[in-house]
Amino acid sequence: IETSVCVYQTALAALADKLQVTVLCDAVGARREDDADRCLTALTRAGAHVLPSESVFYALLHDVKHPFFKAYTQLVKSHG
């Protein structure tokens with residue numbers, strides 16, 4: 001997904017509509033890496049959360065008590 005075009009414009013529109021925006025920085029890309037980095041920085045300044053997917057998924061699980069926590073951790077270790 002082109003960070004400097006689609007992701008950037010969509011995230012700005014969502015922020016303008018007062019929506020919370022989280023961009024998974026390791027799930028987007030760009031033809032030129034510097035372009036993606038600049039856009040993600042601008043989105044952060046605009047109020048979006050820019051995080052790696054692993055952080056978001058662990059946040060969804062909350063803690064080790066979640067029934068899928070151990071299975072997800074094993075998945076991360078085997079594919080990380």
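Given the structure is predicted, the values throughout are model-derived calculations rather than measurements.

Some details on helix α2 (residues 33–46)
1) Next: With 14 residues, α2 extends 20 Å from end C-alpha to end C-alpha; this agrees with the ideal 20 Å at 1.5 Å per step.
2) Next: For α2, the full list of buried residues reads A36, C39, L40 and L43. Buried residues in α2, looked at end-on, bunch into an arc of 100°, giving them a common side. Exposed residues on α2 whose side chains face more than 90 degrees from its buried face are R38 and R45.
3) Next: Residues of α2 that are buried make contact with α1 (3–16), β1 (22–24) and β2 (49–51).
4) Next: Taken from the residues just after α2, G47 is the one with a positive phi, measuring 115°.

Some remarks on the packing of aromatic side chains
1) Next: On inspection of all chains with the given rule, the structure shows 3 aromatic pairs.
2) Next: Taking 6.0 Å as the distance between ring centres and 75° as the angle between the ring planes, the aromatic pair formed by F57 and Y72 counts as edge-to-face. One end of the pair, F57, is in helix α3 (residues 53–61); the other, Y72, is in helix α4 (residues 69–79), with 15 residues separating them in the sequence.
3) Next: Relative to Y72, the ring of Y58 has its centre 4.9 Å away and its plane inclined at 75°; by these criteria the two rings are edge-to-face. One end of the pair, Y58, is in helix α3; the other, Y72, is in helix α4, and 14 residues separate them in sequence.
4) Next: Given the relative accessible area of 21%, Y58 is considered partly exposed.
5) Next: Using a relative accessible area of 17% as the deciding quantity, one classes Y72 as buried.
6) Next: The structure contains a cluster of three or more aromatic residues connected by ring pairs, namely F57, Y58, F69 and Y72.

A few points about the packing of α1 against α2
1) Next: Their axes nearest at 10 Å, the elements α1 and α2 cross at an angle of 5°. Between α1 and α2, the crossing angle belongs to the class labelled roughly parallel. Packed against α1, whose contacting residues are T3, S4, Y8, A11, L12 and L15, the element α2 presents D35, A36, C39, L40, A42, L43 and A46 at the interface.

Looking at the nonpolar core
1) Next: In terms of nonpolar packing, the biggest core is built from 9 residues, these being V7, A11, A14, L15, V21, V23, L40, L43 and A48.
2) Next: Of all the elements in the fold, those that place two or more residues in this core are α1 and α2.
3) Next: The leading source of residues in this core is α1, at 4 residues.

The rules behind the values
- Residues numbered from 1 in each chain as written.
- Predicted model: local features only at pLDDT ≥ 70, side-chain atom pairs only at ≥ 80, totals over all residues.
- Heavy atoms only, no water.
- Helix = DSSP H or I, 4+ residues; strand = E, 2+ residues; numbered from the N terminus.
- Expected span 1.5 Å × (residues − 1).
- Buried < 20%, exposed > 50% of the residue type's maximum accessible area, 1.4 Å probe, protein only.
- Arc of directions from axis to C-beta.
- Contact = heavy atoms within 4.5 Å.
- Phe/Tyr/Trp six-rings, centres within 6.5 Å; stacked < 30°, edge-to-face > 60°.
- Axes fitted to C-alpha atoms, helices over the stretch in contact; angles between N-to-C directions.
- Parallel < 35°, antiparallel > 145°, perpendicular 65-115°, else oblique.
- Core = buried A, V, L, I, M, F, W, Y, C linked by side-chain atoms within 4.5 Å.

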